[in-house]
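# Reading the structure
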Amino acid sequence: MAELFCDLWLRAGASAGDAADSATVRAVRALAPDVALPEGLTRGEELLRTVAVRSAQAEGDAWSVVVAAHFRAPAPGAASEGASESDVRYFAVPVTSSAVEGAGRFTVTGAPAQVAGPGKAKVAEPPFGTLLPGQGSLAESLGEFFDAYLVGVGEVSRYLAPGAKLSPVRGSNYRSVAVGEVRADSEVADGAVPADGTEVQVRAAVTAVDGGGGKWPLEYELSMRSRSGRWEVSGMHAGATAPARSVTAGGAAK
C-alpha cells in the first residue's frame, strides 16, 4: 500500500498541467484525503518505479514503510539530446493498518518524508580460499553440468550425486556457457579426484550467452561430491553460503 501511494503521490504533481481532479490525484485522495501533494518534478525528470524496501512497526497499528523511488533525469551538461542518469531517493511513508476480513484496511496518515537510504551490511569473508585450475577435473565437471542445467545439452541427472534432484532451467534462451573462476573451501578439490564421498563447497563464475549474443555473468555456490573418479553436484545454494544439502525438483533445497 505504501509503495502504491508513494508512486501515485510523486506522479500527482509530475507536470504543471495536471488538473486538480485528475485520475492520479483522485487516487491519492482515496488513500490519504488530507495529505499535501508535491508541486512537480524537475523539468524532464521521470519517475520509473517505486519499491518498498523496509517496514517497521512504530506503535500499535502504526507502521513506517521506506519506499525507494527510481527516477530518470537529463544528465547535467549532456552533449547529446536524450542522455540521462538514474537517481534513487527514499521516502518514509506512515501507514496505519487494521486487521479485518478480506484485504484489510490501510490509511496513509501523513505525507512521505524523504530519508537517507539504507547502508551497506557487513558481509562475512567467504570460505572459498582455494583457486582451482580452469582445466581441472572439478571445473570440467561443472562445465558439463552447466551445459545441461542452463543450455539443455544432455540430462542434468547424469551430473548429480545420488539423492540430489534438480530440474534444468527453462526458457533462458542460452546458447552456450563458459565456466570462469572456480574457488573451493578446501585444497582437496585441487588436483586428482579424491576418494569416493569427499565433499567440497565451491563458488563458480559462469558466463552464459543468449541467442542474441548477450552475455550474462552468473555466480553459483554448490556442494560437490566425488564418486567413481569424477565430481558430481550434491547441492546448490546459489546466492548464499549454506551447508551441503540435496536439491529437490524445481530448484528448492531441502
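Residues numbered from 1 in each chain as written. Predicted model: local features only at pLDDT ≥ 70, side-chain atom pairs only at ≥ 80, totals over all residues. Heavy atoms only, no water.

Helix and strand counts for the protein come out as three helices and 10 strands. The secondary structure elements of the protein, listed N-terminal to C-terminal, are α-α-β-β-β-β-β-β-α-β-β-β-β. By residue count, 33% of the 254 residues in the protein fall in the buried class. Intrachain contacts of the protein at a sequence separation of at least 6 include 54% that bridge at least 24 residues. Roughly 14700 Å² of accessible area belongs to the protein as shown, and the carbon and sulfur atoms make up 50% of that amount. (Helix = DSSP H or I, 4+ residues; strand = E, 2+ residues; numbered from the N terminus. Buried < 20%, exposed > 50% of the residue type's maximum accessible area, 1.4 Å probe, protein only. Contact = heavy atoms within 4.5 Å. Areas by Shrake-Rupley, 256 points an atom, 1.4 Å probe, with all protein chains shown as cover.)

Checked against the element boundaries, Val93 lands in strand β3 (residues 84-98). Relative accessible area serves as the criterion here: at 0%, Val93 is assigned to the buried category. Setting aside residues up to four positions removed in sequence, Val93 forms contacts with Ala2, Phe5, Cys6, Trp63, Ser64, Val65, Val67, Val108 and Pro112.

Another aspect to go through is the confidence of the model for the protein. In the predicted model, the protein carries a mean pLDDT of 84, and the fraction of residues at 70 or more is 82%. In the model, residues 241-254 has pLDDT below 50 throughout and makes 37 contacts with residues more than four positions away in sequence or in other chains. (pLDDT = per-residue confidence, 0-100.)

This paragraph deals with the sheet that holds strand β6 (residues 130-131). Pairing in this open sheet of five strands is antiparallel, and the strands run β6-β7-β8-β9-β10 from one edge to the other. Here the strands that pair on one side only, and so sit at the sheet edges, are β6 and β10 (230-236). Summarising the sheet, strand β8 (residues 199-210) and strand β9 (residues 215-227) pair through 11 bridges and their orientation is antiparallel. Among the inter-strand pairings, Val206 is bridged to a residue of β9, identified as Leu218. Against the sheet, helix α3 (residues 137-151) contacts β7 (174-184), β8, β9 and β10, and its axis sits at roughly 145° relative to β7. (Pairing = 2+ DSSP bridges. Axes fitted to C-alpha atoms, helices over the stretch in contact; angles between N-to-C directions.)

With two bridges connecting them, β6 and β7 associate as antiparallel partners. Its bridge partner being in β7, Leu131 is matched across the sheet by Arg183. Across eight bridges, the pairing between β7 and β8 is antiparallel. The partner of Ser176 across the bridge, within β8, is Val209.

Before going further, it helps to examine the nonpolar core. Within the largest apolar cluster, 30 residues are counted, with the highest numbers of intra-cluster contacts made by Leu138, Phe145, Phe146 and Leu222. Counting residues per element, the ones that place at least two in this core are α3, β7, β8, β9 and β10. When residues of this core are assigned to their parent elements, the largest contribution, eight residues, is made by α3. For Leu138, the contacting residues outside a window of four places in its chain are Leu132, Val182, Ala189, Val200, Val202, Met224 and Trp231. (Core = buried A, V, L, I, M, F, W, Y, C linked by side-chain atoms within 4.5 Å.)

As a further point, take a nonpolar patch on the surface. On the surface, Met1, Leu4 and Phe106 cluster together to form a nonpolar patch covering roughly 280 Å² of accessible area. Here Leu4 lies in helix α1 (residues 2-12). Judged by relative accessible area, Leu4 falls into the partly exposed class, the value being 48%. (Patch = residues over 30% accessible without salt bridge, like charges linked within 9 Å, V, L, I, M, F, W, Y side chains within 5 Å. Salt bridge = Lys/Arg side-chain N within 4 Å of Asp/Glu carboxyl O.)

So, on to helix α2 (residues 23-31). Since the α-helix advances by 3.6 residues per turn, residues separated by three or four positions end up pointing in the same direction. Along α2, the positions that sit buried rather than exposed are Val25, Val28 and Leu31. On an axial view of α2, the arc spanned by its buried residues comes to 125°, and they lie on one face. For α2, exposure combined with an orientation more than 90 degrees from the buried face picks out Ala23 and Ala30. Elements in contact with the buried residues of α2: α1 and β4 (105-108). (Arc of directions from axis to C-beta.)

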